[in-house]
Amino acid sequence: MLMICERRPTTRTLRGWAIHVLQEVGAIRECEEHGWMQDRADPHARERAFDIARRDPPAEVSPQAAEAAVRDVLDSIGDTCPECSPDEENRR
Ligand SMILES: [Zn+2]
């Protein structure tokens, strides 16, 4: 199920790597309209991302640091797009 996005430029920062991993497992996604990252609140996807961080961290990064980076990204991402108004969705 894991797909490698080869068309994307190499992620050079640890945070960029963590975002990439989280996107690939489906733990976060980008708003199609605005491009904001959204946390999908999927515990299984998160667990897969942590697994990858522990088993396959980027070169010269410890599994602990990779796992912490994934956690940091999850902490910093909200579960809604700031530009998609929740009020509009509720009105439907
Ligand atoms: Zn949006």
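A few points on the structure. (Residues numbered from 1 in each chain as written. Predicted model: local features only at pLDDT ≥ 70, side-chain atom pairs only at ≥ 80, totals over all residues. Heavy atoms only, no water.)

### So, the coordination of the zinc ion
Each protein donor to the zinc ion is listed here as Cys31 (SG), His34 (ND1), Cys81 (SG) and Cys84 (SG); together their distances run 1.8 to 2.4 Å. Every donor counted, the 4 donor atoms about the zinc ion form angles of 105 to 113° at the centre, which fits tetrahedral coordination. Binding-site remark: the zinc ion is held by donors from one chain whose sequence spacing is C-x2-H-x46-C-x2-C. When its relative accessible area of 23% is taken as the criterion, Cys84 is described as partly exposed. (Donors = N, O, S within 2.8 Å, 3.2 Å for Na, K, Ca; no water. Tetrahedral: all angles 85-135°; square planar, octahedral: opposite > 155°, others 65-115°. Buried < 20%, exposed > 50% of the residue type's maximum accessible area, 1.4 Å probe, protein only.)

### Digging into the pattern of salt bridges
Scanning the model with the defined rule gives 5 salt bridges in all. The residue Asp39 makes a salt bridge to Arg46 at a minimum N-O spacing of 2.6 Å. Residue Asp39 is classed as buried on the basis of its relative accessible area of 8%. With a shortest N-O distance of 3.0 Å, Arg54 and Glu67 are connected by a salt bridge. Taken together, the positions of Arg54 in helix H2 (residues 43-55) and Glu67 in helix H3 (residues 63-76) put the pair 13 residues apart, joining distant regions of the chain. Judged by relative accessible area, Arg54 falls into the partly exposed class, the value being 35%. Judged by its relative accessible area of 17%, Glu67 is buried. Through salt bridges that share partners, Glu47, Asp51, Arg54, Glu67 and Arg71 make up one connected network. (Salt bridge = Lys/Arg side-chain N within 4 Å of Asp/Glu carboxyl O. Helix = DSSP H or I, 4+ residues; strand = E, 2+ residues; numbered from the N terminus.)

The quantities given are spatial measurements derived from coordinates; they are silent on function.
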